[in-house]
Amino acid sequence: MTSLIDTLRHLVGAPHVLAEGDLSAYEMDWRKRIQGKALCVVRPGNTEQVAAVVKACAAAGASIVPQGGNTGLVVGSIPDDSGRQVLLSLQRMNAVRAVDGENLTITVESGCVLQNLQQAAEQAGYLFPLSLGSEGSCTIGGNLSTNAGGTQVVRYGNTRELCLGLEVVTAQGDIMQGLTGLRKDNTGYDLRDLFIGSEGTLGIITAATMKLFPLPAASLTAWAAVPSMRDAVTLLGLAHQHLGAGLTGFEVMGQFALSLVDKHYPQLRVPLFKETPWCVLLENADSESEEHARTRFEALMETAFEQGCVTDAVVAESLTQARNLWHIRESITLAQAEEGLNIKHDISLPVSAIPAFVEATDAELMREIPGVRLVDFGHLGDGNLHYNVQAPEGGDTRVFLETQEERVNHIVYQNVRRFHGSISAEHGVGSMKVDSLPSYKDPTALALMATLKRALDPHNTLNPGRVVRV
Ligand code: FAD
Ligand code: MLT
Ligand code: ZN
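Cut-off values and rules
- Residues numbered from 1 in each chain as written.
- Chains lettered and ligands numbered in written order.
- Predicted model: local features only at pLDDT ≥ 70, side-chain atom pairs only at ≥ 80, totals over all residues.
- Heavy atoms only, no water.
- Helix = DSSP H or I, 4+ residues; strand = E, 2+ residues; numbered from the N terminus.
- Buried < 20%, exposed > 50% of the residue type's maximum accessible area, 1.4 Å probe, protein only.
- Contact = heavy atoms within 4.5 Å.
- Donors = N, O, S within 2.8 Å, 3.2 Å for Na, K, Ca; no water.
- Core = buried A, V, L, I, M, F, W, Y, C linked by side-chain atoms within 4.5 Å.
- Pairing = 2+ DSSP bridges.
- Axes fitted to C-alpha atoms, helices over the stretch in contact; angles between N-to-C directions.
- Salt bridge = Lys/Arg side-chain N within 4 Å of Asp/Glu carboxyl O.
- Near = heavy atom within 4 Å.
- Polar contact = N/O pair within 3.5 Å; in protein donor to acceptor, adjacent residues only side chain to side chain.
- Areas by Shrake-Rupley, 256 points an atom, 1.4 Å probe, with all protein chains shown as cover.
- Nonpolar A, V, L, I, M, F, W, Y, C, P; charged D, E, K, R; others polar.

Colleague: Tell me about the environment of L300, residues and numbers included.
Modeller: Within the secondary structure, L300 is located in helix α10 (residues 290–307). We classify L300 as buried; its relative accessible area is 0%. L300 sits 59 residues away from Q241 along the chain, and the two C-alpha atoms are 8.5 Å apart. Dropping the residues within four chain positions of it, L300 is found in contact with L235, L238, A239, H242, L243 and L282.

Given below as structure tokens:
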């Protein structure tokens, strides 16, 4: 294996192959639950180097774990503990290659940090709408590989819907040149969509052509207190009716989740949460004038108060206030991390089934594990809940995880199945859910996934043991 490290040094330059020292930034997962050990970390600077690295690793029989910002939440971007896998970091490949205003597209390398991509679009006078709490560190390659969701899906879709073309290095080290900006191209199987969401198991994304949108002329943000999850769903229905395509974000947050933000970041001043079990953050972004947008927004809130699905609300009066409200929402994950580990879920359900799911699952968990605390929040507009489960007050978090994780997952996933949902909405499968998938995914679909993996990566070089076992 030493000779592979030498070969890699020769291919990408010695400073870009790290084999000693503290590599925990690459080897430990974001939640700090699992630490792997890589043979080395290799940081190629261009697509040809990625292809050469893949060929060298394949020839040496070493498997590769691709990594972007290492913010993934399903343990898919770190090496196992064998010390034999090559960690391939795309971080040096971060250039914006081109902006085409008339075609409304931007072409970037996969290591481009999402926030830098958003800023490049804005500087050119356009919107790139993908938005996640991790946007300061995650990369567009990671977003594509996980088909990330985030807070604007209700209007713009997941990362998949934002992508037009991909450049990919295959498991054989060939370069698939698919960087098209075409909105129509029916020339065969959709290979782009096969690579999107494949979590580095079928190919390495090196660049992408993404869609741009006009910047909205007006944007309004409100924070509402709602008495129940059923009321939150009613409010969502009203928001669709009143705002139409202007509705860009609809997030729900439970009282305990917000109390953690209040506890760990009191300076953020979380509004309304003390008097209500649920809060909703909603956003309307429009091409119409501010005045027109505000009139529609006010009509929505008036109807919601009349119907009793909103009991109190704060409407942001400035961009700064709106940003602060979003900052509170996006701090929930960090506040949870400050509080200690909990059992995380990222589930999707038909929106109409969410109130019944929450009622049934809350009750079952409370019955089985008295005192358990639920850190619930999520992208209600897309039917995506982060239905997280925390140890009872004063309980030992580690012991709780060790003794209850399997049981809690079983209860939650059985209810997800009962209400026709999915056990992974936006974070992916990684190694965390790979062994649960066979119990919850259609067996024919899973078998086809394994067939595709074997066909595209017959020697299991790319991210083995993630998504599907072969
Ligand atoms: P990594 O974590 O480095 O990798 C993720 C997966 O993609 C791994 O399997 C890896 O092997 C593969 N991969 C990475 N780059 C490539 C590439 N170029 N080619 C092939 N495979 C590759 N996710 C959401 O969907 N919605 C959210 O709202 C959201 N909010 C978050 C908030 C916080 C605070 C945090 C920490 C995470 C959040 N996430 C969210 C999860 C995470 O940020 C996303 O999954 C993100 O898309 C991962 O990007 P990354 O560059 O960090 O990828
Ligand atoms: C979010 O919506 O904030 C994320 O998906 C992260 C999380 O689930 O903690
Ligand atoms: Zn999320």
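Colleague: Run through the coordination of the zinc ion (ligand 3), naming residues and quoting values.
Modeller: Reference geometry at the metal: tetrahedral coordination by four donors gives ideal angles of 109.5 degrees; octahedral coordination by six donors gives 90 or 180 degrees. Protein coordination at the zinc ion (ligand 3) comes from H379 (NE2), H386 (NE2) and E426 (OE), with a distance range of 1.9 to 2.1 Å. Ordering the donors of the zinc ion (ligand 3) by residue number gives the pattern H-x6-H-x39-E. One end of the pair, H386, is in strand β18 (residues 384–390); the other, E426, is in the loop between α14 (397–418) and α15 (437–440), and 40 residues separate them in sequence. Given a relative accessible area of 5%, H386 falls into the buried group.

Colleague: An account of the nonpolar core is requested, with residue identities and associated values reported.
Modeller: If you look at the biggest cluster of nonpolar residues, it comprises 56 residues, and the most contacted ones within it are M229, L235, F250, F357, L365 and V389. Elements supplying a minimum of two residues to this core: β12 (218–226), α8 (229–243), β13 (247–254), β14 (278–286), α10, α13 (354–368), β18 and α14. The contact partners of L365, leaving out residues within four places of it in the chain, are V372, L374, Y387, V389, V408, I411 and V412. Residues L114, L130, C138 and L212 belong to the second largest nonpolar core, which totals 27 residues.

Colleague: Give me the sheet that holds strand β5 (residues 96–100): which residues, what numbers.
Modeller: The five strands are arranged β5-β6-β10-β8-β9 in an open sheet whose pairing can be described as antiparallel. Strand pairing shows two members of the sheet lacking a second neighbour, β5 and β9 (175–178), which therefore form its edges. If you compare each strand with its neighbour and ignore which way they point, the axes differ by 15° on average. Where strand β8 (residues 163–170) meets strand β10 (residues 203–211), seven bridges bridge the pair, whose relative direction is antiparallel. Across the sheet, residue V169 finds its bridge partner in β10, namely I204. Where helix α3 (residues 47–60) meets the sheet, it contacts β5, β8, β9 and β10, and its direction lies at approximately 40° from that of β8.

Colleague: Talk me through the environment of V389; I want residue IDs and the actual numbers.
Modeller: Locating V389 in the fold gives a position in strand β18. The spatial distance from the C-alpha of V389 to the C-alpha of D442 is 26 Å, given a sequence separation of 53 residues. With near-sequence residues (within four places) excluded, V389 lies in contact with N342, I343, H345, L365, V372, R373, L374, F400 and V408.

Colleague: How would you summarise unusual backbone geometry if you had to cite specific residues and measurements?
Modeller: Although it is not a glycine, H420 adopts a positive phi angle of roughly 65°. Locating H420 in the fold gives a position in the loop between α14 and α15. Notably, N460 is not glycine yet its phi reads approximately 55°, a positive angle. In this structure, N460 sits in the segment after α16 (443–456). By relative accessible area, which is 24% here, N460 ends up partly exposed.

Colleague: Can you explain the pattern of salt bridges? Please cite residues and give values.
Modeller: Within this structure, the stated rule accounts for 16 salt bridges. The partner of E27 in a salt bridge is K37, with the nearest N and O atoms 3.8 Å apart. Here E27 is found in helix α2 (residues 24–27), whereas its partner K37 is found in the loop between α2 and β2 (38–42), with ten residues between them in sequence. Between E251 and R329 there is a salt bridge, and its shortest N-O distance comes to 2.7 Å. One end of the pair, E251, is in strand β13; the other, R329, is in helix α11 (residues 319–330), and 78 residues separate them in sequence.

Colleague: Can you lay out the site of ligand 1 for me, pointing to particular residues and giving the numbers?
Modeller: Near ligand 1 lie 36 residues; those nearest to it are P66, G68, T71, S134 and T139. In the environment of ligand 1, an oxygen atom lies 2.9 Å from a nitrogen or oxygen atom belonging to the backbone of N70. In the model, a nitrogen atom of ligand 1 is placed 3.0 Å from a nitrogen or oxygen of the E426 side chain. Against a free-state accessible area of 970 Å², the protein chains account for coverage of 97% of ligand 1. Mapped by element, the contributors of at least two residues to the shell around ligand 1 are β3 (64–67), α5 (140–146) and β10. Take the shell around ligand 1: its biggest share by element is five residues, from α5. Residues that form the shell around ligand 1 fall into these classes: nine nonpolar, 25 polar and two charged.

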